[in-house]
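Chain by chain, the residues:
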Amino acid sequence: MPPKNKRATQAQNNDGDEQPFQAVILTDSYDERFLPISHEMPRCLMPLCNIPLIEYTLEVLAIADVVEVFIVCTSHIETIKAYFENSSWMSPQCKLNVQIVQTPDAMSVGDALRELDARQLITSDFILTIGDLVSNIKLDKALEAHRARKKTDKNSIMTMVLKETTRTHPSRPKDNTGVFVLDPKTERCLFYEPVTALPRKGRFEMSPEIFENRTQVEFRNDLVDPRLDICSVEVPALLSENFDWQRHRRDFLHGILTSDILGKTVYTHIVSEPYVARIENEQLYATVSKHILNRWAFPVVPETNLKQGDDYEFSRGNIYKSGNVSLSRSCMIDEDVQIGSGSVIGQSTRIAHSVIGRNCNIGDNVVLEGAFLWDGCVIEKNCKVTKSILANNVTLLEGTTIEKGSLVSVGVSLGPKEDIPKYSKLSLEPQPKNSIFADDSDEEEEEEDAFDMADLVLEDHELSDSASEIGDFSDVESDSGSIGGAWNLDSSVTTAKQSADFKNEIAQTIGRALEENHSVDTAALEITGLRMSSNGTYTEVREVLIPALIDHIDIANPVSSMKLVFNKWGPLITKVTHSLDDQAHVLLTLQNYCASRDAFTKLFAGALQLLYHADVVDEDAVMKWYTSEAAKSGTPAERKLREKSTAFIEWLNDAEEESDEDSDDE
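Residues numbered from 1 in each chain as written. Predicted model: local features only at pLDDT ≥ 70, side-chain atom pairs only at ≥ 80, totals over all residues. Heavy atoms only, no water.

Per an unreviewed UniProt entry, the protein chain goes by the name Translation initiation factor eIF2B subunit epsilon and belongs to Phycomyces blakesleeanus. The heading Subcellular location (unreviewed entry) in the UniProt record of the protein chain holds the text "Cytoplasm, Cytosol". Taken from UniProt, the Sequence similarities (unreviewed entry) comment for the protein chain reads in full: "Belongs to the eIF-2B gamma/epsilon subunits family." (UniProt positions renumbered as here; feature names shortened; annotations may be inferred.)

A few words on the pattern of salt bridges. With the rule as written, the count across this model stands at 27 salt bridges. Among the ionic pairs, R114 bridges to D111, the shortest N-O distance being 2.9 Å. Of this pair, R114 and D111 both sit in helix 5 (residues 109–118), separated by 3 residues, roughly a single helical turn. Judged by its relative accessible area of 8%, R114 falls in the buried class. (Salt bridge = Lys/Arg side-chain N within 4 Å of Asp/Glu carboxyl O. Helix = DSSP H or I, 4+ residues; strand = E, 2+ residues; numbered from the N terminus. Buried < 20%, exposed > 50% of the residue type's maximum accessible area, 1.4 Å probe, protein only.)

The geometry of helix 13 (residues 520–534) relative to helix 15 (residues 558–575) is characterised by a closest axis approach of 9 Å and an angle of 35° between their N-to-C directions. For helix 13 against helix 15, the interelement crossing comes out right-handed. Contact with helix 13, carried on its side by V520, D521, A523, A524 and I527, involves K568, W569, P571, L572 and K575 of helix 15 and no other residues of that element. In terms of residue class, the contact of helix 13 with helix 15 is built from 7 nonpolar, no polar and 3 charged. (Axes fitted to C-alpha atoms, helices over the stretch in contact; angles between N-to-C directions. Left-handed = near helix turned anticlockwise from the far one by under 90°. Contact = heavy atoms within 4.5 Å. Nonpolar A, V, L, I, M, F, W, Y, C, P; charged D, E, K, R; others polar.)

Let's shift gears to the packing of helix 14 (residues 538–551) against helix 15. Between two packed helices, both the angle of their axes relative to each other and the distance between the axes serve to describe the pair. Their axes nearest at 10 Å, the elements helix 14 and helix 15 cross at an angle of 175°. Taken together, helix 14 and helix 15 sit at an angle that is classed as roughly antiparallel. In this structure, helix 14 contributes Y538, L545, I546, L549 and I550 to the contact, and helix 15 contributes V565, F566, W569, L572, I573 and K575. (Parallel < 35°, antiparallel > 145°, perpendicular 65-115°, else oblique.)

This part covers unusual backbone geometry. Here the bond from F298 into P299 is cis, since omega is 10°, no more than 30 degrees from zero. Residue placement: P299 occurs in the loop between helix 9 (282–293) and strand 15 (313–315). For the bond from G415 to P416, the omega torsion is 5°, close enough to zero to count as cis. Secondary-structure assignment places P416 in the loop between strand 32 (413–414) and strand 33 (419–420). Even without glycine at this site, Q120 takes up a positive phi of about 55°. With respect to the helices, strands and loops of the structure, Q120 is situated in the loop between helix 5 and strand 6 (126–130).

Let's shift gears to the environment of R358. Mapping R358 onto the fold places it in the loop between strand 22 (354–356) and strand 23 (361–362). Taking C-alpha positions, R358 is 9.2 Å from V325, a pair spaced 33 residues apart along the chain. Excluding residues within four positions of it along the chain, R358 makes contact with N50, K307, D310, Y312, G340, S341, S343, D375 and G376.

Another aspect to go through is the sheet that holds strand 1 (residues 21–26). Taken in spatial order, the 10 strands make up an open sheet running 5-4-1-6-12-8-13-10-9-11, and their pairing is mixed. Looking at strand neighbours, the two that pair on one side only are strand 5 (97–102) and strand 11 (218–220), the edges of this open sheet. Taken over all neighbouring pairs, the strand axes of this sheet differ in orientation by 30° on average, direction set aside. Pairing geometry for strand 9 (residues 176–183) and strand 10 (residues 188–196), over 8 bridges, is antiparallel. Counted as the bridge partner of G178 is P194 from strand 10. (Pairing = 2+ DSSP bridges.)

Evaluation of the coordinates by the stated rule reveals 14 aromatic pairs. With 5.6 Å between their ring centres and 85° between their planes, W245 and F252 make a pair best called edge-to-face. By relative accessible area, which is 10% here, W245 ends up buried. With a centroid separation of 6.4 Å and an interplanar angle of 90°, the aromatic rings of Y612 and W651 are classed as edge-to-face. (Phe/Tyr/Trp six-rings, centres within 6.5 Å; stacked < 30°, edge-to-face > 60°.)

Looking at the protein chain as a whole, its pLDDT mean stands at 84, while 85% of the residues score no less than 70. Overall, residues 4–16 carries pLDDT values under 50, and its contacts beyond four positions in sequence, including any with other chains, amount to 14 contacts. Within the model, pLDDT remains below 50 along residues 435–493, and this stretch shows 108 contacts once partners closer than five positions in the same chain are excluded. (pLDDT = per-residue confidence, 0-100.)

The subject of this paragraph is the pairing of strand 13 (residues 265–271). Counting buried residues in strand 13 gives 6 out of 7 residues, a clear majority hidden from the surface. As defined by bridge partners, strand 8 (residues 156–164) adjoins strand 13 across 7 bridges and the pair is classed as parallel. Bridged to L162 within strand 13 is I270. Examined bridge by bridge, strand 10 and strand 13 share 2 bridges and lie antiparallel to one another. Directly across from R188, in strand 13, lies its bridge partner Y267.

This paragraph deals with the state of the cysteines. Counting across every chain of the model gives 0 disulfides. No disulfide involves C360; its sulfur sits 4.8 Å from that of C377, the nearest cysteine. Judged by its relative accessible area of 2%, C360 falls in the buried class. (Disulfide = S-S within 2.5 Å.)

Once that is clear, we can look at the sheet that holds strand 24 (residues 367–369). The strand order 18-21-24-27-30-33 describes an open sheet built from 6 strands, whose pairing is parallel. The open sheet is flanked by strand 18 (332–333) and strand 33, the only strands paired with a single partner. Where strand 18 and strand 21 (residues 350–352) come together, 2 bridges link them in parallel fashion. Residue I333 lies in a different strand from strand 21, and its bridge partner there is I351.

What follows covers the nonpolar core. Residues I550, F566, W569, I573, L611 and W625 are the most contacted members of the largest nonpolar core, which totals 55 residues. Elements represented by at least two residues in this core include exactly helix 12 (492–515), helix 13, helix 14, helix 15, helix 16 (580–596), helix 17 (604–613), helix 18 (619–627) and helix 21 (646–665). Beyond its immediate chain neighbours, meaning those up to four positions away, I573 contacts L545, I546, L549, F566, V586, L611 and V616. (Core = buried A, V, L, I, M, F, W, Y, C linked by side-chain atoms within 4.5 Å.)

Laid out in structure tokens, this is it:
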């Protein structure tokens, strides 16, 4: 809860030599994490251990030298305003002067800060963070270091607070990290390179000038970046001058560090003891919840009762119960469990590693393992929930099972006796058109799992320049007559090794072409030379090329990313396919690879449609693949992807029938 009676302290700070800091909290992360829940309620108000996320962020600022806090809202503005109107943070006794700033047109962090600059709200150095920060850090030393550094380096504009961890620490996001190149003597950041899980990046380039006049440089990939920055008043103005800077790290930080004109410097403040984490994704939601229950973030623990009206008590086994919880005698409460006020637990129910919200009603013989139930959930008897999030007022009727990784949004009712497969995302509301959201559990409406056809059609002007040059190889024979087959005289072991070596070399060649953005013709020439020198086949090339392109798609923004990838590299696929069988092999490779990882299953339908509309595969090839035994007899995941393409196949058949009817009419 906010500190009280601190107005006198504020006045003393204003009379002193140092001006108090302002703070900016961004309530939007401008990504699609936590869909469908984040589409229906503000992400910053999602409860973590029954406390809205933004409360943890405000607590960090409340004990720092901060007077004014701007809550910058882009979506769910009215909900956030209503929350704060009823919050003690708005009371006259609160030290912090909290203001809601509406930026409904902002599409990025850069847009939000440019809006603050346009309104001239930033008048002093400020702390910039996002409303999902969870930490017990005291920022005094970092703020002092920032102030002292500005006196010795007039070009210093930002200090990034980073947490030192191991590379495999659970609070590090697995899909979005970065490499920091630092001067260990001054803590100055010399270079920054973002590292994402997809597309994979094997190397990065940096200027040799970084090493000039320096005896030591550190490359650090063991740092948690909570996006907690101490910024000078110049930062919003710099963003206003550079409209192409949208993301704070990839664009702004990278742009500042690589600019020869601006001459600005950025420093770091690395901590090791405090707990610092951001709820960037579902995995970190579960991880940080566990850390709080295990008291890693002390004094940020449930019995601190940050929210007014809470009365949690701590007991052995990291169990936290509110005072008016009703537990049956035969229920089993294992370790790492929090139960909110007004909740009722039925007979023979077992709960472990879970957080139960307020006023939840859990019936008999229920199993909750790694479950996060928000306020007002009703779980009837004989249900089971594993490692999933159930939002406010979700109802599970008798005998319903929720497998791991699922997100069930506000007010959804499921069952009775229904099995929800893992990684399902369920909502009552229509979701954003460009999101990866899809309801896999509804087998009768498979067309909802496919991407919108209008989004996936490639217009003529979007095709690559080299598309008109497709098929200009002199060696356009099919794989069945390639040179590789004529020299298959070695043992099977040797042949397998040769194939593996060739694929490895092809993978490196394709990876280099993707990272360095080679032209299609250059990449094709390199592949052809390597194929001929190694007696490789086009089949082997395609088995490497298709997965490499899928890896290059940004899963956070799949539709536009797929269009970019297949627009540029679709002609390269065409250059290595020379028959109907080859095209069917492209689709079979796509099916097998997308089925190999859960993250890629959502991409298959869209990739299939894009390849068709880009004329990489034609209708006969699609039908040949769909009716082939290889497509029908794969793993369950592969067969499920084939089933998901049925709607597209039916669309192709309908289009052909309409075309035939039009021809008959003529």
